[in-house]
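What the coordinates show
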Number of protein chains: 2
Amino acid sequence: MQRKSLAGTGCPVAETLDVIGEWWTLLVVRDVFRGIRRFDALQESLGIARNILARRLRALVAAGILEKRPYAERPPRYEYRLTEKGRALFPVLVTLMSWGNAWALPAESRKVRLVDAETGRTVEPLLVDAATGTPLDPRKLRLA
Amino acid sequence: MQRKSLAGTGCPVAETLDVIGEWWTLLVVRDVFRGIRRFDALQESLGIARNILARRLRALVAAGILEKRPYAERPPRYEYRLTEKGRALFPVLVTLMSWGNAWALPAESRKVRLVDAETGRTVEPLLVDAATGTPLDPRKLRLA
DNA sequence: AAAGAGGGTTGCATGATGCAACTCTATGGG
DNA sequence: CCCATAGAGTTGCATCATGCAACCCTCTTT
């Protein structure tokens, strides 16, 4: 019995999870965002089994989220980089991080913040309506 | 070999995925957001195996994301509702939906949109810095 | 008395994960 | 020349998670 695919439903949430919803996948993407690009470094950073990491990287490359490119020949060595499609996952990681800071981490823990690389100022992410700049309220919205 | 827990790393993304990162979990939450609250309705809407749905609902209740409450006695019947912690997942679902619309669905498909329940106006979600209202740019941000 | 409806549970077969050991290419000593 | 090390995976095996279908239990309706 194959694990059921979520693709082909037409629901954008399901289609997305079909691509990045497997165990470890988003954490691999998170680490690549942090600048970790090589197999061994990812494996050590995540503590993931090597065969699973290999499978995830293959799938992410096949999905067009990561790109595998040589950074040395002789001996052949590869690194993984985000494509535009992969960088577009940034808002997903940010909202997951926000929720984790607010609801999953113990209250007294030092939260992970997002800071402007130039000014060092802390950035507080917020989801708004692009047209009006007002925050989204789930109770006042429907899907269509 | 138990599937490795992602908890206890201190990373808010990992802690979040440890709670909602399993197969089907976020789709259950999505359906509850859409107003589907009962076991059989969820099962039919998702096409998920009944034993797995039961397990996911138990876990979501244990995590404080859903609340199980009787909507009838004699015969005893239950429904699942979002808690505040669960409603806080809305931005996660919205960013997943946006990414799916942009990158996972075929270009010609009718996208799922977010509309204002009162005015019917289409809402375009955007992640900004709460302080300045400027969109977040992954290249100019660091984690700290 | 029989047939749903709602909300699950149980057993079984198969897939996905975790772990450790092993491979393969190439470079750097001694 | 021979061995050790590094990087990037692959292979085998054991165990967990998922999928499916059938079943259970409590009412209510016909």
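No experiment lies behind these values; they were computed from the predicted model shown.

Rules of the game
Residues numbered from 1 in each chain as written. Chains lettered and ligands numbered in written order. Predicted model: local features only at pLDDT ≥ 70, side-chain atom pairs only at ≥ 80, totals over all residues. Heavy atoms only, no water. Helix = DSSP H or I, 4+ residues; strand = E, 2+ residues; numbered from the N terminus. 1 Å grid on protein atoms, 1.4 Å probe; cavity = no way out; pocket = protein on both sides within 12 Å on 5 of 7 lines; lining within 4 Å. Points joined across faces, edges and corners; volume = space filled by probe spheres on them. Nonpolar A, V, L, I, M, F, W, Y, C, P; charged D, E, K, R; others polar. Domains from an automatic or database assignment. Buried area = accessible area lost by both parts, 1.4 Å probe. Polar contact = N/O pair within 3.5 Å; in protein donor to acceptor, adjacent residues only side chain to side chain. Pairing = 2+ DSSP bridges. Near = heavy atom within 4 Å.

**Regarding unusual backbone geometry**
- Here Trp-24 of chain A, not a glycine, exhibits a phi torsion of approximately 85°, which is positive.
- Along the chain, Trp-24 of chain A falls in the loop between helix H1 (12-20) and helix H2 (25-33).

**Observations concerning empty space enclosed by the protein**
- One pass over the full model with this rule turns up 1 cavity of 30 Å³ or more.
- Its volume calculated, the largest cavity comes out at about 210 Å³.
- Forming the boundary of the largest cavity are 24 residues, of which Leu-17 and Gly-21 of chain A together with Leu-17, Ile-20 and Gly-21 of chain B lie nearest the centre.
- For the lining of the largest cavity, the elements supplying multiple residues, two or more each, are H1, H2 and helix H6 (90-104) of chain A together with helix H1 (12-20), helix H2 (25-33) and helix H6 (90-104) of chain B.
- A breakdown of the residues in the lining of the largest cavity according to their chemical character gives 18 nonpolar, 4 polar and 2 charged.

**Focus: the domain arrangement of chain A**
Residues and elements named next belong to chain A.
- For chain A, the assigned domains are domain 1 (12-83) and domain 2 (90-140).
- Placing a centre on the C-alpha atoms of domain 1 and another on those of domain 2 gives a separation of 24 Å.
- In this assembly, domain 1 packs against domain 2 so that about 320 Å² is buried in total across both faces, 95% of it on carbon and sulfur atoms.
- For the domain 1 face of the interface with domain 2, the top three residues by lost area are Leu-26, Arg-30 and Phe-33, together amounting to 87%.
- The tally of links from domain 1 across to domain 2 stands at 0 residue pairs in polar contact (both at pLDDT 80 or more).

**Structural notes on the sheet that holds strand S3 (residues 114-116) of chain A**
- Pairing in this open sheet of 3 strands is antiparallel, and the strands run S4(A)-S3(A)-S6(B) from one edge to the other. Every other strand in the sheet has two partners, leaving strand S4 (122-123) of chain A together with strand S6 (141-143) of chain B as the edge strands with one partner each.
- Examined bridge by bridge, S3 of chain A and S4 of chain A share 2 bridges and lie antiparallel to one another. When the sheet's bridge partners are listed, Val-115 of chain A is paired in S4 of chain A with Thr-122 of chain A.

**Section: the protein's contact with DNA strand D**
- Around DNA strand D, the structure places 29 residues, and the nearest of them are Lys-68, Arg-77 and Tyr-78 of chain A together with Asn-51 and Arg-56 of chain B.
- At the protein interface, 71% of the atoms of DNA strand D within 4 Å belong to sugar or phosphate.
- For DNA strand D, a phosphate oxygen lies 2.9 Å from a polar atom in the side chain of Trp-24 of chain B.
- Between DNA strand D and the protein, one listed contact pairs a base nitrogen with a side-chain N or O atom of Asn-51 of chain B at 2.6 Å.
- Among the elements of the structure, helix H3 (39-46), helix H4 (50-62), strand S1 (66-72) and strand S2 (77-82) of chain A together with helix H4 (50-62) of chain B are those that each provide at least two residues to the surface near DNA strand D.

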